[in-house]
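If you want the building blocks of each chain, they are given just below.
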Amino acid sequence: MAGLLAILVGVLFGAGVYLLLRRSLIRLIFGLALISHAVNLLVFTTGGLVRGNPPLVPPEAQVPPAGHADPIPQALVLTAIVIGFGLLAFTCVLVKQVVKTLGTDDTDSMRANEE
Amino acid sequence: MLWTILLLFGLAAAAPLVAKFAKGASGWLLAAGPAAILFAYLAQLPILPGESRSEVWEWVPGLGVELRFVLDGLSATFTLLITGIGALVLVYAGGYMAGKAKLGQLLSYLLLFLGSMLGLVLSDNTIALFVFWELTSISSYLLIGLDHERESVRSAALKALLVTGGGGLLLLGGFVLLGIAAGDLGLKGADAFSISALADLDLSAHGLYPAIMVLVAIGAFTKSAQAPFHFWLPQAMAAPTPVSALLHSATMVKAGIFLLARLHPALGGTDLWTALLVPVGAVTMLGAAITALGQRDKKRILAYSTVSVLGILVTLLGAGTVVAIEAAVVLLVAHAFYKAALFMVAGNVDHGAGTRDVTLLSGLRKAMPFTFAAGAVAALSMAGAPPMFGFVGKELFYGKLVTAEARSTLLILVAVATNVALVAAALLVALRPFVGSSAGVAKNAHEVSAPMLVGPLILAAAGLFVGLFPDVFDATLGSAMATAIAGQRVDMHLALWHGLNPTALGVMGLSAATLVLGAMVYHRTRRLLAPLAEALSRLRAIGPETWYEKGLAGLVTGSDRVTRGIQTGYLRHYVLAVVVAAVVLAAPPLLRSLPGAAPLFPEAPRPHEALLVAVAAASAVAAMVLRSRTAAIAALGATGAVIAMLFLLFSAPDLSITQIMVETLSVILLVLVLSRLPRLVTRSSRSRRIADLAVATLAGGTMALLAIAATTVSLDPEAARFFAAASYTEAQGRNVVNVVLVDFRALDTMGEIFVVAAAGFGIHALLRLAPETGGAA
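What counts, and where the lines are drawn
- Residues numbered from 1 in each chain as written.
- Chains lettered and ligands numbered in written order.
- Predicted model: local features only at pLDDT ≥ 70, side-chain atom pairs only at ≥ 80, totals over all residues.
- Heavy atoms only, no water.
- Helix = DSSP H or I, 4+ residues; strand = E, 2+ residues; numbered from the N terminus.
- Rg over C-alpha atoms; globule rule 2.2 N^0.38 Å.
- Buried < 20%, exposed > 50% of the residue type's maximum accessible area, 1.4 Å probe, protein only.
- Contact = heavy atoms within 4.5 Å.
- Phe/Tyr/Trp six-rings, centres within 6.5 Å; stacked < 30°, edge-to-face > 60°.
- Lys NZ or Arg CZ within 6 Å of the ring centre and 35° of its normal.
- Buried area = accessible area lost by both parts, 1.4 Å probe.
- Salt bridge = Lys/Arg side-chain N within 4 Å of Asp/Glu carboxyl O.
- Domains from an automatic or database assignment.
- Patch = residues over 30% accessible without salt bridge, like charges linked within 9 Å, V, L, I, M, F, W, Y side chains within 5 Å.
- Areas by Shrake-Rupley, 256 points an atom, 1.4 Å probe, with all protein chains shown as cover.
- Axes fitted to C-alpha atoms, helices over the stretch in contact; angles between N-to-C directions.
- Parallel < 35°, antiparallel > 145°, perpendicular 65-115°, else oblique.
- Left-handed = near helix turned anticlockwise from the far one by under 90°.
- Nonpolar A, V, L, I, M, F, W, Y, C, P; charged D, E, K, R; others polar.
- Expected span 1.5 Å × (residues − 1).
- Pairing = 2+ DSSP bridges.

1. Focus on the overall build of chain B
- Counting its secondary structure elements, chain B contains 30 helices and 2 strands.
- Against the compact-globule benchmark of 28 Å for 777 residues, chain B has a radius of gyration of 37 Å, which places it well outside the compact range.
- Taking the principal axes of the C-alpha coordinates as reference, chain B spans close to 115 × 65 × 55 Å.
- Looking at chain B residue by residue over its 777 residues, the buried ones come to 53%.
- Counting only contacts in chain B whose residues sit at least 6 apart along the sequence, the fraction spanning at least 24 positions is 77%.

If you want it as structure tokens, here you go:
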């Protein structure tokens, strides 16, 4: 399964890079979103994949059951998801303002305006 | 000894304030500092051969850097020259710049320079020496560039900085290699960087010796203006006269000589040492002496003659025999006296008569009698005429050449030609302006003020005194200095008269011939000047200075081109550069690690998992290619939702919940924002899209490789075990991930909250800003 997820990471990242290389600022936002998905998955798979055994302590026990998933990558990814959302929201509004101010979402013609 | 350096730096900081309040008297006031230091070191005399007093302060013990100061014959002589001439130059500067706004600045830089120079000559630790070495480069840059409003001044200052600074870098390389070599030979810690400890080692047998020697020699050559690095020094004439006096006499340019002298016991005595120093010194002394005669500006004549004398000193140190070192010691001191005096005389003439052009000046002897007297006495020393100290030095120089085991006729000829040119140059700067008709510029000339006479008169008198009583010098300092340079005990017995023996007669013959020939050349200078100047300007076009200028211009245009090439202003070019570089660097090692990785599919993937991965991949590709904004957003949302399901399948319920919430919010936000933005259109050409797709595929492939390689890394289970065990027992939480976030790593989470809050403030600000910049909200 790790192999499949690795391929998915590759597809998400590749699609993200392709979108970053477009001239459209809107596609840039999509690219950022896909790349953060890719990175989250990458960190997640690094911790090793465990099915159906989350790091939770059952009501009658003191520690999680043996063989539980590693909590550390999960904690890292959880943080990353939230930060990624902050970034996405900020980029969205920034792009909106840029397009409104300059009248285009084409990065090339923005450069022409500037000169 | 540290206090003397700190005192000078302290005075440098105070100088602008002193100049503001004391005005004309500030030169005298500030000169008290170096003068006090001069007397403090004079009180240490006599220093006997082989004697050295040291003092150590810790600096960076871990790196072997310490402030170890050593006072022996060599450093004591330099210390006295620096502080003595320094004090006189400060007095002179106070008079020369009286009433000018930049007086405080000049005095401050001069003191900074004196302090750096003092640190340089006293340092025994190579790294500390290098720091002071660079400080002298920087302060001389400030001094030369004092009149920075003029373009030519700025470029001259920059030239000095680049040439000496470049040499300084090589010198640092040499010192580091020297430390490594010393470490190999058994010196530990700071000892490996201590020059006095190096002398006992057999460094020349070490494999690094040639590299060390070349690097140190180039460092010294740049500082001491040896060919082909000499060109910055005459350019430094842009500096005001007190600066020229200081730069050219005891200090800046002698730093290279000092370094060679200091390192002679450690590095000298080899064929490589001689082969590097003697030819460079010989070419420099003759070339510069002839060039000096082709100049009209008194300061430039003096500058080139300085380069010439430095060449003589390098040659003598390169020869490295006891006689040669004695000659170098005497010439160095004699030159310091007469050259500082002559520069001040040149400044006085400029001040009193309004020009430094020797072809215009004449008949100043009545208008400027004291300046004339000081100049004449100093010039006698420069010309090597008895009974001056310069005469003693030149006699030793000739004596060394005549008695050398491998007597070189070529070297004798070069030496005589050099001295002939120096005699003529001395007459040109010290006689020509004062004799002859007083009809021209002399009519309105006037003698200068007392502060500007004190320096040249004292220095000229000092050269005469030491010339008349040379045994005073060799008993108190000279023998000790020669001993420190030679690395073996030297007892100097200087005298004006060496009795009647074949060697002495031969030397006297050479001296007499030099003086006569020099006088003859001087009489013909009027006719020689024009053709010589023309030939020199032709030489200049192919010389090192032209190369320097072309190199500098090329560097500027080259970096301009490179910058424009890299900094295109197109976002995708930056992304491309980052991605391609990452792929090129990361893919090969990842590919190599592939065979060692765990089998990709140890078990057949479960159908529902495979389906989810396929859906996620398909929606990502759809988000990439769809042209409808809403469809693309939907595809993006689908990707996120499927990833949330994968999190759930693989035991991460918290991630799943968070992902679903964030994804929902993101989709709402994107729909809200993007519906007001233009539609998606295809802008790039087909070939561009294919090329980008290829890059993206490579990037994705590299990431997939990284993900596979990551599975083979076994993380340290210790942290996970701790969190799992402590989650309930210590933090009373049953959800380990949550406990990690809000308890064990609470500070990280707080940082995260700040980031999200900052993004929120940013969004708010952007939305508020809109009406002012974008027109209608």
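2. Quick notes on unusual backbone geometry
Residue and element names in this part refer to chain B.
- For the bond from A227 to P228, the omega torsion is 0°, close enough to zero to count as cis.
- Looking at the element boundaries, P228 is found in the loop between α8 (209-223) and α9 (232-235).
- For A225, which is not glycine, the phi dihedral falls at a positive 55°.
- Mapped onto the fold, A225 is located in the loop between α8 and α9.
- Judged by relative accessible area, which is 0%, A225 ranks as buried.
- Residues other than glycine seldom take positive phi values, yet S651 does so here, at roughly 65°.
- Note that S651 resides in the loop between α25 (629-649) and α26 (653-674).
- Taking relative accessible area as the criterion, S651 reaches 2% and is therefore assigned buried.

3. Some thoughts on the packing of aromatic side chains
All names here are of chain B.
- Under the defined criterion, the tally for this structure stands at 11 aromatic pairs over all chains.
- Ring geometry for F723 and F744: centres 5.2 Å apart, planes at 45°, overall tilted. Taken together, the residues span a long stretch of sequence, with F723 in helix α28 (residues 717-729) and F744 in helix α29 (residues 736-744) at a distance of 21 residues.
- A relative accessible area of 24% means that F744 is categorised as partly exposed.
- Feature note: the residues F722, F723 and F744 constitute an aromatic cluster, connected by ring pairs.
- When the ring centre of W547 is taken as origin, the NZ or CZ atom of K550, which lies over that ring, is 5.8 Å away.
- The side chain of R734 reaches across the aromatic face of Y728, ending 4.1 Å from its centre.

4. Regarding the interface of chain B and chain A
- Facing 98 residues of chain B, the contacting portion of chain A comprises 84 residues.
- Together, the buried faces of chain B and chain A total about 8,300 Å²; carbon and sulfur atoms form 75% of this surface.
- When the buried area of chain B at its contact with chain A is split by residue, B:F650, B:R683 and B:R734 rank highest and sum to 9% of it.
- Linking chain B with chain A are 4 salt bridges.

5. Focus: the environment of B:L422
All names here are of chain B.
- As for its placement among the helices and strands, L422 is situated in helix α17 (residues 409-430).
- For the pair L422 and G518, spaced 96 residues apart in the sequence, the C-alpha separation amounts to 7.5 Å.
- Sequence-distant contacts of L422, that is, excluding residues within four places in its chain, are made with S305, S308, V309, I312 and M382.

6. Section: the domain arrangement of chain B
- For chain B, the domain assignment lists domain 1 (282-514) and domain 2 (602-713).
- On a C-alpha basis, the centroid separation for the pair domain 1 of chain B and domain 2 of chain B is 83 Å.

7. A closer look at the pattern of salt bridges
- Counted under the stated rule, the structure contains 17 salt bridges over all chains.
- Here A:R22 makes a salt bridge to B:D692, at a shortest N to O gap of 2.2 Å. Of this pair, A:R22 sits in the loop between α1 (2-20) and α2 (25-46) while B:D692 sits in helix α27 (residues 686-711), each in a different chain.
- A salt bridge links B:R745 to B:D748; the shortest N-O distance between them is 3.0 Å.

8. A word on a nonpolar patch on the surface
All names here are of chain B.
- Together, W59, V60, L63 and V131 make up an exposed nonpolar region whose accessible area comes to about 350 Å².
- Inspection of the secondary structure assignment puts V131 in helix α5 (residues 126-144).
- The partly exposed category is assigned to V131, whose relative accessible area is 32%.

9. Overview of the side chain of B:S75
All names here are of chain B.
- Here S75 shows up in helix α3 (residues 73-96).
- Judged by relative accessible area, which is 0%, S75 ranks as buried.
- Setting aside residues no more than four positions away along its own chain, S75 makes contact with V70, V121, L122 and R262.

10. Some details on the packing of helix α16 (residues 389-403) of chain B against α17(B)
Residue and element names in this part refer to chain B.
- Interhelical geometry of α16 versus α17 gives an angle of 160° and a closest axis separation of 10 Å. When the interaxial angle is binned, α16 and α17 end up roughly antiparallel. Handedness of the α16/α17 crossing: left-handed. Residue-level inspection shows K394, F397, Y398 and L401 of α16 in contact with α17, the latter providing L411, I412, A415, V416 and N419.
- In terms of residue class, the contact of α16 with α17 is made up of 7 nonpolar, 1 polar and 1 charged.

11. Side note on α17(B)
- Taking 1.5 Å per residue as the helical rise, α17(B) with its 22 residues ought to reach 32 Å, and the 31 Å between its terminal C-alpha atoms agrees with that figure.
- Burial analysis of α17(B) places 16 of its 22 residues in the buried class, which makes it a mostly covered element.

12. Thoughts on the pairing of strand β2 (residues 65-71) of chain B
Residue and element names in this part refer to chain B.
- For β2, a buried count of 6 out of 7 residues is recorded, marking the element as mostly surrounded by other parts of the structure.
- Bridge count between strand β1 (residues 53-60) and β2: 7 bridges; the pairing is antiparallel. Residue pairing across strands places V60 opposite V65, the latter belonging to β2.
- The antiparallel pairing of β1 with β2 creates a hairpin that spans 4 residues between the two strands, and G64 there sits at a positive phi of about 75°.

13. Focus: the packing of helix α14 (residues 322-353) of chain B against helix α18 (residues 450-468) of chain B
All names here are of chain B.
- Between α14 and α18, the shortest axis-to-axis distance is 8 Å and the interhelical angle comes to 150°. Considering their axes alone, α14 and α18 lie roughly antiparallel with respect to each other. Regarding α14 and α18, the two cross each other, and that crossing is left-handed. Note on element contacts: α18 touches α14 through M452, L453, G455, P456, L459, A460, A462, G463 and V466, opposite F337, A340, A341, M344, V345, N348 and H351.
- Here the contact of α14 with α18 is built from residues that sort into 12 nonpolar, 4 polar and no charged.

14. Some words on the environment of B:A87
All names here are of chain B.
- Structurally, the position occupied by A87 is in helix α3.
- Expressed as a C-alpha distance, the spacing of A87 and V621, which sit 534 residues apart in the sequence, is 79 Å.
- Those residues in contact with A87, other than ones at most four positions away along the chain, are A31, P34 and A35.

15. Side note on the side chain of B:T222
Residue and element names in this part refer to chain B.
- Mapped onto the elements of the fold, T222 is located in helix α8.
- Taking relative accessible area as the criterion, T222 reaches 2% and is therefore assigned buried.
- For T222, the residues in contact, after removing those within four places along its chain, are V163, T164, G167, F229 and W232.

16. Focus on α14(B)
Residue and element names in this part refer to chain B.
- Taking 1.5 Å of rise per residue, 32 residues should cover 46 Å, and α14 covers 45 Å from first to last C-alpha, within 8% of that figure.
- In terms of burial, α14 is largely enclosed, as 29 of its 32 residues are buried.
- At the exit of α14 stands G354, carrying a positive phi of roughly 85°.

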